[in-house]
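The chain contents come next:
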Amino acid sequence: MSDSSPARPAAPVLEVWCELQCPDCRSALDDLRALHARYGDRLELRLRHFPLEKHKHAFAAAQAAEEALEQGQGWPYVEAVLGRVEELDRKGEPFLVEAAGELGLDAEEFDTALIDGRHILIVDADQAEGKAIGVTGTPTYVIDGERLDGGKSQEGLRERIEEIVDRLLAERAGA
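What counts, and where the lines are drawn
- Residues numbered from 1 in each chain as written.
- Predicted model: local features only at pLDDT ≥ 70, side-chain atom pairs only at ≥ 80, totals over all residues.
- Heavy atoms only, no water.
- Helix = DSSP H or I, 4+ residues; strand = E, 2+ residues; numbered from the N terminus.
- Contact = heavy atoms within 4.5 Å.
- Buried < 20%, exposed > 50% of the residue type's maximum accessible area, 1.4 Å probe, protein only.
- Lys, Arg positive; Asp, Glu negative; His and termini not counted.
- Salt bridge = Lys/Arg side-chain N within 4 Å of Asp/Glu carboxyl O.
- Polar contact = N/O pair within 3.5 Å; in protein donor to acceptor, adjacent residues only side chain to side chain.

1. Describing the environment of arginine 26
- In this fold, arginine 26 is placed in helix 1 (residues 23–39).
- The residues contacting arginine 26, other than those within four sequence positions of it, are Leu82, Gly83, Val85 and Glu86.

And the structure:
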């Protein structure tokens, strides 16, 4: 028997171009938490990787975040690593594995993933797409085709994102 009810419109997507060794991305966590608290599953937060060359552990951290996502703890892992940027600076890849273990993830699998590079293509693809759409720093947000650069300042960004999300949700409700 087929379900003839209309499909529920997909939630608006906020792409968060981020780098896990970036202090500005750590500052953005409060805004992301507030957006999640306000919208819940009515807004999809999608992590996109944009490791910057000036941060030597950023590329490995992006791969580790993909492994965390695969193990079902993507955002908690991202928050844990961003909350301890200085430790990542100091300890490098061993810290990425340590943070995974602290969250109850399979740390040995993280170590293997960083060695075998199984997530490199995802990170490379994100970085290439980011460059193609004009991302130059992190955090950068993209919602409904609009790019908002948080690398210079977070000031007013959450409010702008909320305006766009509210408009998109109102449009969907009226559809």
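2. Quick look at helix 5 (residues 93–102)
- Of the residues making up helix 5, those classed as buried are Phe95, Leu96, Val97, Ala99 and Ala100.
- Looking at the buried residues of helix 5, the elements they touch are helix 2 (58–70), helix 3 (74–82), helix 4 (85–91) and helix 6 (107–116).
- Glycine 104 lies just past helix 5 and shows a positive phi near 80°.

3. Some thoughts on the side chain of glutamate 19
- Looking at where glutamate 19 falls in the secondary structure, it is placed in the loop between strand 1 (13–18) and helix 1.
- Despite its burial, glutamate 19 remains without a salt bridge, the nearest opposite charge being carried by lysine 54 at 6.9 Å.
- From its side chain, glutamate 19 meets the backbone nitrogen of glutamine 21 in a polar contact 2.8 Å long.
- Looking at glutamate 19, its side chain comes within polar contact range of the side chain of histidine 55, at 2.7 Å.
- Excluding anything up to four places from it in sequence, glutamate 19 contacts Cys25, Phe50, Pro51, Leu52, His55, Ala58, Leu82 and Thr138.

4. Let's talk about unusual backbone geometry
- Here the amide bond leading from threonine 138 into proline 139 is cis, since omega sits at -5°, within 30 degrees of zero.
- Positioned with a positive phi, aspartate 144 is a non-glycine residue whose angle comes to about 50°.
- Judged by relative accessible area, aspartate 144 falls into the partly exposed class, the value being 46%.

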